[in-house]
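So you can see what is in the structure, the chains are spelled out below.
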Amino acid sequence: MKKAKNNHVVFAILFLVIALIGFGDATYLTVKHFQGGSIICGTSGGCDIVTTSEYAKILGVPVAPLGMVYYLSVIVLSVLYLDKRKKTSLKLLSKFTVVGLLASSYFVYLQLFVIGEICYYCMGSAASSTLLFLIGMVFLKKHGRQKWIV
Amino acid sequence: MNAQNRSAIIWGSVILGIIGLVVLLAMVGGEPSSNGNGSEGTAELVDPVSLDEHIKGNPLAPITIVEYSDFQCSFCERAYPGIKQIAEEYPDDVRIIYRHFPLRQAHPQAQIAAQATEAAALQGKFWEMHDAIFNTSDQWSNASAKNFFIQLAGSLGLDTEQFEKDITSSAVVDAVNEDLRTGARTGLTGTPTLFLNSKQMSGNSYASIKAAVDTKLDELRSKNGDEPTEPAEHDNEESEE
């Protein structure tokens, strides 16, 4: 029992750390979005083309702040676990990571096949979302069924 | 009480951490890369200049300044009179090439402004429109820019009916996008970014451009003494096609 709890803490911290990285990334993109500066990135220079493309908004809502909201929810849920130690928040979090995965897959698809340019910061966010999803799935596989067993 | 304290510490530190992160990134990210001299770097122009671009000055001048700019960017607007002055002072030795780099999302009217100059170029008045747009930036930035540009075209003596057709035509849009792509390939980090004979310049004020031009002219003169107006000698130069 004690071991299981520690294990949960490890998951919660993993979620937290990766979500913080993703949050920082999304914040940077958001700042750039509203501040209007162009984005410094490698030699390919695809960032500006991607972040100023019509796909940088969904129904008029800029994508970057949506990313911030997503990562912030993951952060809140993982801290909620660290605080209250209720498994429900980690389970909810793990399921929620599907949202990030789907959104990221769509954005990666847009960059590779529609816009034809790659923005490293956007890819970084896609990587952290994918990582969150993988950890979420591992967590659910390990602990997700306990509810029915107990 | 103990648990409460713990909660307070956990949430407090997380909230403080996040606020700190946001502030830090806002400072780093908010540092305008599109500033007066922000484009210092060692980038080299990737795409060669061709004679069908927008050239001001002697098309075969030994010194080529390529400017990537955005009509709605305040730094570009501030740099424009200086660049214009350089063109006027060195009509034989310097040619200015204008390329579009509209940061479309940050500057919602930058794209249509760029298209307006391309549409004017079809009637041979690129630079007139370029100047007029910079000079009137406070009048179109928030308004319905397209109609304003059509009026502007009229005041420049252009055929406004044709201009209105051209300004949103795919050829004009493509011309702007092509510049945007060359800028991206070059790895631009902001606007305005200037290149002197393919080498990125460190400033865009009148004084800094003049200093760079004079240095380059001296260099060229000492190299090939009596043939001062040889077409530029740098590799990326392509005068034909």
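Residues numbered from 1 in each chain as written. Chains lettered and ligands numbered in written order. Predicted model: local features only at pLDDT ≥ 70, side-chain atom pairs only at ≥ 80, totals over all residues. Heavy atoms only, no water.

### Remarks on the overall build of chain A
Secondary structure assignment for chain A yields six helices and two strands. From first element to last, N terminus to C terminus, chain A shows the α and β order α-α-β-β-α-α-α-α. Considering chain A as a whole, with its 150 residues, one finds that 51% of them fall into the buried category. In chain A, the proportion of contacts linking residues at least 24 apart, taken out of those at least 6 apart, comes to 78%. (Helix = DSSP H or I, 4+ residues; strand = E, 2+ residues; numbered from the N terminus. Buried < 20%, exposed > 50% of the residue type's maximum accessible area, 1.4 Å probe, protein only. Contact = heavy atoms within 4.5 Å.)

### Some remarks on the packing of aromatic side chains
By the definition in use, this model includes 15 aromatic pairs over all chains. Plain terms: the ring middles of Phe11(A) and Phe139(A) are 5.1 Å apart, the flat faces sit at 70 degrees to each other, and that makes the pair edge-to-face. On the criterion of sequence distance, the pair formed by Phe11(A) in helix H1 (residues 2-35) and Phe139(A) in helix H5 (residues 120-143) is long-range, its members being 128 residues apart. Looking at Phe11(A), the relative accessible area reads 7%, which means it is buried. Owing to a relative accessible area of 0%, Phe139(A) belongs among the buried residues under this scheme. Aromatic pair Tyr70(A) and Tyr71(A): ring centres 5.2 Å apart, planes at 65 degrees, arrangement edge-to-face. When its relative accessible area of 1% is taken as the criterion, Tyr71(A) is described as buried. Ring-pair connections join several aromatic residues into one group, and the members of that group are Phe71(B), Tyr80(B), Tyr98(B), Phe126(B), Trp127(B) and Phe134(B). (Phe/Tyr/Trp six-rings, centres within 6.5 Å; stacked < 30°, edge-to-face > 60°.)

### Focus: the sheet that holds strand S4 (residues 193-196) of chain B
Residue and element names in this part refer to chain B. Taken in spatial order, the five strands of this open sheet run S1-S3-S2-S4-S5, and their pairing is mixed. In the strand order of this sheet, the two ends are held by strand S1 (54-57) and strand S5 (199-200), each with one partner. Where S4 and S5 come together, two bridges link them in antiparallel fashion. Within S5, the residue paired with Leu-196 across the bridge is Lys-199. Where helix H9 (residues 206-223) meets the sheet, its contacts fall on strand S2 (63-69), strand S3 (94-100) and S4, and the angle it forms with S2 comes to roughly 150 degrees. (Pairing = 2+ DSSP bridges. Axes fitted to C-alpha atoms, helices over the stretch in contact; angles between N-to-C directions.)

### A short note on unusual backbone geometry
If a residue is not glycine, its phi is most likely negative; likewise, a peptide bond is most likely trans. The backbone phi angle of Arg85(A) is positive, close to 55 degrees, even though this residue is not glycine. Note that Arg85(A) resides in the loop between helix H3 (63-84) and helix H4 (87-115). Positive phi values are uncommon outside glycine, yet Ser198(B) reaches one of about 75 degrees. Inspection of the secondary structure puts Ser198(B) in the loop between S4 and S5.

### Observations concerning the packing of helix H3 (residues 110-121) of chain B against helix H7 (residues 160-167) of chain B
All names here are of chain B. It is the contact of H3 with H7, at a shortest axis distance of 9 Å, that shows an interaxial angle of 130 degrees. With respect to their mutual orientation, H3 and H7 come out oblique. Note on packing geometry: the crossing formed by H3 with H7 is right-handed. Facing H3, whose interface residues are Ile-112, Gln-115, Ala-116, Ala-119 and Ala-120, H7 presents Phe-163, Asp-166 and Ile-167. Tallied by class, the residues present in the contact of H3 with H7 amount to six nonpolar, one polar and one charged. (Parallel < 35°, antiparallel > 145°, perpendicular 65-115°, else oblique. Left-handed = near helix turned anticlockwise from the far one by under 90°. Nonpolar A, V, L, I, M, F, W, Y, C, P; charged D, E, K, R; others polar.)

### Some words on H5(A)
The terminal C-alpha atoms of H5(A), which comprises 24 residues, lie 34 Å apart, in line with the 34 Å expected from a rise of 1.5 Å per residue. Listed in full, the buried residues belonging to H5(A) are Cys122(A), Ser125(A), Ala126(A), Ser128(A), Ser129(A), Leu132(A), Phe133(A), Ile135(A), Gly136(A), Phe139(A), Leu140(A) and His143(A). (Expected span 1.5 Å × (residues − 1).)

### Quick word on the packing of H3(B) against helix H4 (residues 126-135) of chain B
To characterise two packed helices, one gives the angle between the axes of the helices and the distance between these axes. Residue and element names in this part refer to chain B. Where H3 meets H4, the axes come as close as 7 Å, and the angle between the chain directions of the two elements is 150 degrees. One finds that H3 runs roughly antiparallel with respect to H4. Two packed elements cross with a definite hand, and for H3 against H4 that hand is right-handed. Between H3, through Ala-113, Ala-116, Thr-117, Glu-118, Ala-120 and Ala-121, and H4, the contact on the second element is made entirely by Phe-126, Met-129, His-130 and Ile-133. Split into classes, the residues belonging to the contact of H3 with H4 amount to seven nonpolar, two polar and one charged.

### Focus: the environment of Glu178(B)
Residues and elements named next belong to chain B. The residue Glu-178 is located in helix H8 (residues 170-186) in this model. It is 8.6 Å that separates the C-alpha atoms of Glu-178 and His-100, two residues lying 78 residues apart in sequence. At a separation of 3.4 Å, a polar atom in the side chain of Glu-178 contacts the side chain of Arg-185. (Polar contact = N/O pair within 3.5 Å; in protein donor to acceptor, adjacent residues only side chain to side chain.)

### Looking at the confidence of the model for chain A
Residues and elements named next belong to chain A. Of the residues in chain A, 77% reach a pLDDT of 70 or more, and the chain-wide mean stands at 80. Within chain A, the lowest mean pLDDT, 48, falls on helix H6 (residues 146-149), and the highest, 91, falls on H3. Here residues 40-45 scores under 50 on pLDDT; set against residues more than four positions off or in separate chains, the count is 17 contacts. (pLDDT = per-residue confidence, 0-100.)

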